[in-house]
Amino acid sequence: MNNPKMLVDRTALKMNRNRAVDSGGYFLHELAISEVKDRLSNINRDFQSIAIVTGLSTIWRKAFPSATVIEDSENLNLKRGKYDLVIHGMALHWANDPVGQLIQLRLALKGDGLMIAVCLGGTTLNELRDVLIEAETTLSGGIHPRLMPMAEIRDLGSLIQRAGFALPVADSSITECLYKDFYTLLHDLRAMAETNVLINRTKNFTKRSVFRLASELYHRNFSKSDDMVSATYEHIYLTGWAPDPGQQKPLRPGSAKMRLADALQSKETSLPD
């Protein structure tokens, strides 16, 4: 059962995304789109019916003009068994029920259809989390939830299996970005609609002293030689196929017809007792 403190305020999220559209805050989505296209280019299949689930439709529709673009609501407006490719584009980390989202994607796929989901992962903005926690603990004696908790790759990998996908794969890529200063990073996050929209977020203005100390800590701990500060973004990519009787199946244990040493043309040695 979801922790109410960690649920997303969908109204606030939509307002943030409208701001992102106005400011062109597509940097993280551009990285995701480039990687998704690269992965699709390595699959020997021509996808005819494509659906994309995303909160920022403009850039995804431009990248996949023939696709049907669906808003990432809790109940996705996807037709059952219609698509041979479904992409969940940079919205899964905002889902209150990520397993439910993945199950809906599987049900929308034809047999042996492909699902690719990309979202931000647990190491994203670890620097910012650290300095905000330290600054607020030092000045206020406690902390408020300021950044959305994001799942680790091992957790998301297990979700694909729970959702019923075949041949599940989860992997990630890390991007280090440089910013002029702490406040430029905050401005960029607002432009990308990646700021705090938790239901139980603090509704009061944060004291300036908290941000001043956080800025000092950020420059002290995460500055580079050229006086820029670094921020980490992790994209996690989830891939799975809708089950189908004609899919490739893993071999049964013990069914191999030759030894691994023979296949590798190497000498087999026994381990000591």
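Undergrad: Please set out the overall build of the protein chain residue by residue, giving values where relevant.
TA: Within the protein chain, the secondary structure is distributed over nine helices and six strands. Residue burial in the protein chain is summarised as follows: out of 273 residues, 44% are buried. Restricting to contacts in the protein chain with at least 6 residues of sequence separation, those with at least 24 account for 83%. When the accessible surface of the protein chain is split by element, carbon and sulfur atoms take 51% of a total near 15,300 Å².

Undergrad: Residues and numbers for the pattern of salt bridges, please.
TA: For the coordinates displayed, the defined rule picks out four salt bridges. Put simply, arginine 39 and glutamate 35 hold a salt bridge, and the shortest N to O gap is 2.8 Å. Here arginine 39 pairs with glutamate 35, and both are found in helix α2 (residues 27-41), just four residues apart, close to one helical turn. Owing to a relative accessible area of 25%, glutamate 35 belongs among the partly exposed residues under this scheme. Between lysine 224 and glutamate 176 there is a salt bridge, with the nearest N and O atoms lying 3.1 Å from each other. Residue lysine 224 is found in the loop between α8 (208-222) and β6 (229-241), and its partner glutamate 176 is found in strand β5 (residues 166-179); the two are separated by 48 residues along the sequence. The class for lysine 224 is partly exposed, based on a relative accessible area of 34%.

Undergrad: A description of unusual backbone geometry should follow, citing residues and the corresponding values.
TA: Trans peptide bonds make up most of the peptide bonds, and negative phi angles are found at most residues other than glycine. The phi torsion at leucine 125 lies on the positive side, around 55°, for a residue other than glycine. Of note, leucine 167 is a non-glycine position whose phi angle comes to about 50°, a positive value. Along the chain, leucine 167 turns up in strand β5.

Undergrad: Outline the sheet that holds strand β3 (residues 83-89), listing residues and values.
TA: If you trace the six strands from one edge of the open sheet to the other, you get β2-β1-β3-β4-β6-β5, paired in mixed fashion. Unpaired on one side and paired on the other, β2 (68-71) and β5 mark the two borders of the sheet. Pairwise comparison of adjacent strand axes, ignoring direction, gives a mean angle of 15° for this sheet. Against the sheet, helix α4 (residues 98-108) contacts β1 (50-54), β3 and β4 (109-120), and its axis sits at roughly 150° relative to β4.

Undergrad: Please give an account of helix α6 (residues 153-162) that cites residues and values.
TA: For α6, every residue scored as buried is listed here: Leu156, Gly157, Leu159 and Ile160. The buried side chains of α6 occupy one side of the element, clustering within an arc of 155° when seen end-on. Exposed side chains of α6 directed beyond 90 degrees from the buried face belong to Arg154, Gln161 and Arg162. As for α6, its buried residues are in contact with α4, β4, β5 and β6.

Undergrad: I'd like a rundown of the side chain of arginine 129, residues and numbers included.
TA: Along the chain, arginine 129 turns up in helix α5 (residues 126-140). For arginine 129, which is buried and forms no salt bridge, the nearest opposite charge comes from aspartate 130, at a distance of 7.4 Å. If sequence neighbours within four positions are ignored, arginine 129 has contacts with Thr124, Leu147, Met148, Pro149 and Met150.

Undergrad: Lay out the nonpolar core with the relevant residues and their values.
TA: Grouped together as the largest cluster of nonpolar side chains are 46 residues, with contacts concentrated most on Leu40, Trp60, Phe64, Leu128, Leu185, Tyr218 and Tyr233. For this core, the element with the most residues is α8, which contributes six residues. For tryptophan 60, the residues in contact, after removing those within four places along its chain, are His29, Ala32, Ile33, Ile52, Thr54, Ile87, Gly89, Met90 and Val118. Of all hydrophobic cores here, the second largest spans 25 residues; its members include Ile70, Val99, Cys119 and Ile160.

Undergrad: Talk me through α8; I want residue IDs and the actual numbers.
TA: The α-helix advances 3.6 residues per turn, and as a result positions three or four apart in sequence lie on the same side. The terminal C-alpha atoms of α8, which comprises 15 residues, lie 21 Å apart, in line with the 21 Å expected from a rise of 1.5 Å per residue. Listed in full, the buried residues belonging to α8 are Val210, Leu213, Ala214, Ser215, Leu217, Tyr218 and Phe222. Summarising the contacts, the buried residues of α8 are in contact with α5, α7 (182-191) and β6.

Undergrad: Account for the packing of α5 against α7, with residues named and values stated.
TA: It is at 12 Å that the axes of α5 and α7 come closest, and there the two elements cross at 115°. The handedness of the crossing between α5 and α7 comes out as left-handed. Counted together, Leu128, Val131 and Leu132 of α5 and Phe182, Leu185, Leu186 and Leu189 of α7 form the full contact between these two elements.

Undergrad: Lay out the packing of α5 against α8 with the relevant residues and their values.
TA: Closest axis-to-axis distance for the α5/α8 pair is 8 Å, and the angle between their directions is 135°. One way to sum up the angle between α5 and α8 is to call them oblique. Where α5 crosses over α8, the two elements pack in a sense that is right-handed. Residues Glu127, Leu128, Asp130, Val131, Leu132, Glu134, Ala135, Glu136, Thr138, Leu139 and Ser140 of α5 form the contact with α8, whose participating residues are Ser209, Val210, Phe211, Leu213, Ala214, Leu217, Tyr218 and Phe222. Among the residues forming the contact of α5 with α8, the class breakdown is 12 nonpolar, three polar and four charged.

Quick notes on the rules
- Residues numbered from 1 in each chain as written.
- Predicted model: local features only at pLDDT ≥ 70, side-chain atom pairs only at ≥ 80, totals over all residues.
- Heavy atoms only, no water.
- Helix = DSSP H or I, 4+ residues; strand = E, 2+ residues; numbered from the N terminus.
- Buried < 20%, exposed > 50% of the residue type's maximum accessible area, 1.4 Å probe, protein only.
- Contact = heavy atoms within 4.5 Å.
- Areas by Shrake-Rupley, 256 points an atom, 1.4 Å probe, with all protein chains shown as cover.
- Salt bridge = Lys/Arg side-chain N within 4 Å of Asp/Glu carboxyl O.
- Pairing = 2+ DSSP bridges.
- Axes fitted to C-alpha atoms, helices over the stretch in contact; angles between N-to-C directions.
- Arc of directions from axis to C-beta.
- Lys, Arg positive; Asp, Glu negative; His and termini not counted.
- Core = buried A, V, L, I, M, F, W, Y, C linked by side-chain atoms within 4.5 Å.
- Expected span 1.5 Å × (residues − 1).
- Left-handed = near helix turned anticlockwise from the far one by under 90°.
- Parallel < 35°, antiparallel > 145°, perpendicular 65-115°, else oblique.
- Nonpolar A, V, L, I, M, F, W, Y, C, P; charged D, E, K, R; others polar.

Nothing here speaks to function; it is geometry throughout.
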